[in-house]
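# Observations on chain architecture
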Amino acid sequence: MDYAIDAWDPQYGAAMAPVLDDSSGTIDLDVEMPEADWRPIPAGGESASDVLFVDGVRRVDARVWSIGTERTEPALAVSVAAGAVRCNGHATIVDTRVRRMLVGRAGLDAISGSGLTWRPLAAADDDEATMIGAVQGEMGRLEAEVAASLPAADLTVLDGPLSGHVLVGEAVGYVKSHRVAYLPPSVEGLVRRLAPTERTPLFVLQTNRTRFSWYLRLPGGSGHPWSGVVRLEAPATASLRRAIELADLVGATLPRFASPPHRDARAPVNLLPIAGLEDTLHHLLGDRDFLHRRLRQAVAA
């Protein structure tokens with residue numbers, strides 16, 4: 001029996017679920033080439049010299065109870081931050097934004113105190129997963145605001161799937177963990193055989209939104225068949241030719257940003273610029289204990 005140690009730190013869960021859920025969407029494999037001809041595609045062309053990485057983070061500051069005359073309902077006080085780092089010979093954080101929200105059923109009032117305000121964000125119901133989903137959507141919109149406010153780059157990478165964002169031009173989505181099996185068994189094995197810097201052909205993925213997608217293996221994996229594999233998305237508003245150009249540009253560019261195991265607990269797929277940006281954004285969220293005290297003081301006032 002062979003073994004492989006996953007470089008992904010177990011405190012972050014697993015980069016790949018033990019059993020991938022079946023996709024509820026539809027897949028068109030015959031996009032870049034017929035399914036029968038699928039083969040690894042090596043990176044080619046020039047690397048982008050000006051790359052913009054956009055990411056967001058979130059944190060639950062406190063669980064809140066909204067106490068009414070007839071019923072008591074749960075809510076979440078949440079802080080989110082989004083920002084961008086531009087890499088064009090050196091890495092520079094070019095924008096950061098913080099937003100605080102009180103998430104729950106419609107009709108909540110804001111909580112304010114000591115110069116901080118958690119503004120109401122309505123969720124469909126007060127189930128925690130639903131509320132977190134509403135936060136994810138708001139964080140995606142904040143990331144899109146950041147990306148749209150900045151001068152264009154040769155390549156813009158949004159950390160996460162495009163379905164979680166308001167689309168920004170030709171930005172590509174970068175998905176580093178795998179929970180759903182999008183490819184059928186007839187071609188899924190190709191992902192396992194990818195060498196570093198190789199990608200799969202493009203396919204069209206249609207769930208709640210249509211987009212182009214493909215898999216790419218970054219260098220520095222641990223030997224697990226899916227180690228170092230990421231999934232990319234490009235908007236369906238791009239032509240097929242442009243989507244292929246973006247896939248080639250991504251393949252020639254992202255490997256140089258792959259993180260080494262001694263630098264990042266989610267190596268190699270947590271790209272170095274994104275890791276640095278995340279550190280800054282987590283700092284901007286503020287101290288959790290401090291915010292928790294401010295919330296308690298605000299509701300007691």
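Preceding this paragraph is the structure being described.
Below is a short write-up of the structure.

Rules used throughout
- Residues numbered from 1 in each chain as written.
- Predicted model: local features only at pLDDT ≥ 70, side-chain atom pairs only at ≥ 80, totals over all residues.
- Heavy atoms only, no water.
- Helix = DSSP H or I, 4+ residues; strand = E, 2+ residues; numbered from the N terminus.
- Contact = heavy atoms within 4.5 Å.
- Lys, Arg positive; Asp, Glu negative; His and termini not counted.
- Charge placed at Lys NZ, Arg CZ, Asp CG, Glu CD.
- Pairing = 2+ DSSP bridges.
- Axes fitted to C-alpha atoms, helices over the stretch in contact; angles between N-to-C directions.

## So, the overall build of the chain
- The helix and strand tally for the chain stands at five helices and 13 strands.
- Taking the principal axes of its C-alpha atoms as reference, the chain extends roughly 65 × 45 × 40 Å.
- For the chain, the share of sequence-separated contacts (at least 6 apart) that also reach a separation of at least 24 residues comes to 65%.
- Charge separation in the chain, taken as the distance between the mean sites of 30 positive and 38 negative side-chain charges, equals 5 Å.

## What about the sheet that holds strand β6 (residues 111-113)?
- Within the open sheet, the 11 strands sit side by side as β2-β11-β12-β13-β9-β8-β3-β4-β5-β7-β6. Their pairing is mixed. The outermost strands of the open sheet, each flanked by one partner alone, are β2 (26-28) and β6. Between one strand axis and the next, the sheet turns through 30 degrees on average, direction left out of account.
- Of the pairings in the sheet, the one linking β6 to strand β7 (residues 116-122) comprises three bridges and is antiparallel in character. The partner of isoleucine 111 across the bridge, within β7, is tryptophan 118.
- The sheet contacts of helix α4 (residues 272-285) involve β3 (51-67), β4 (72-87), β5 (91-104), β8 (155-159) and β9 (172-175), and relative to β3 the element is tilted by about 30 degrees.
- Strand contacts of helix α5 (residues 288-300): β3, β4, β5, β6 and β7, with the helix running at about 40 degrees to β3, the strand carrying the most contacts.

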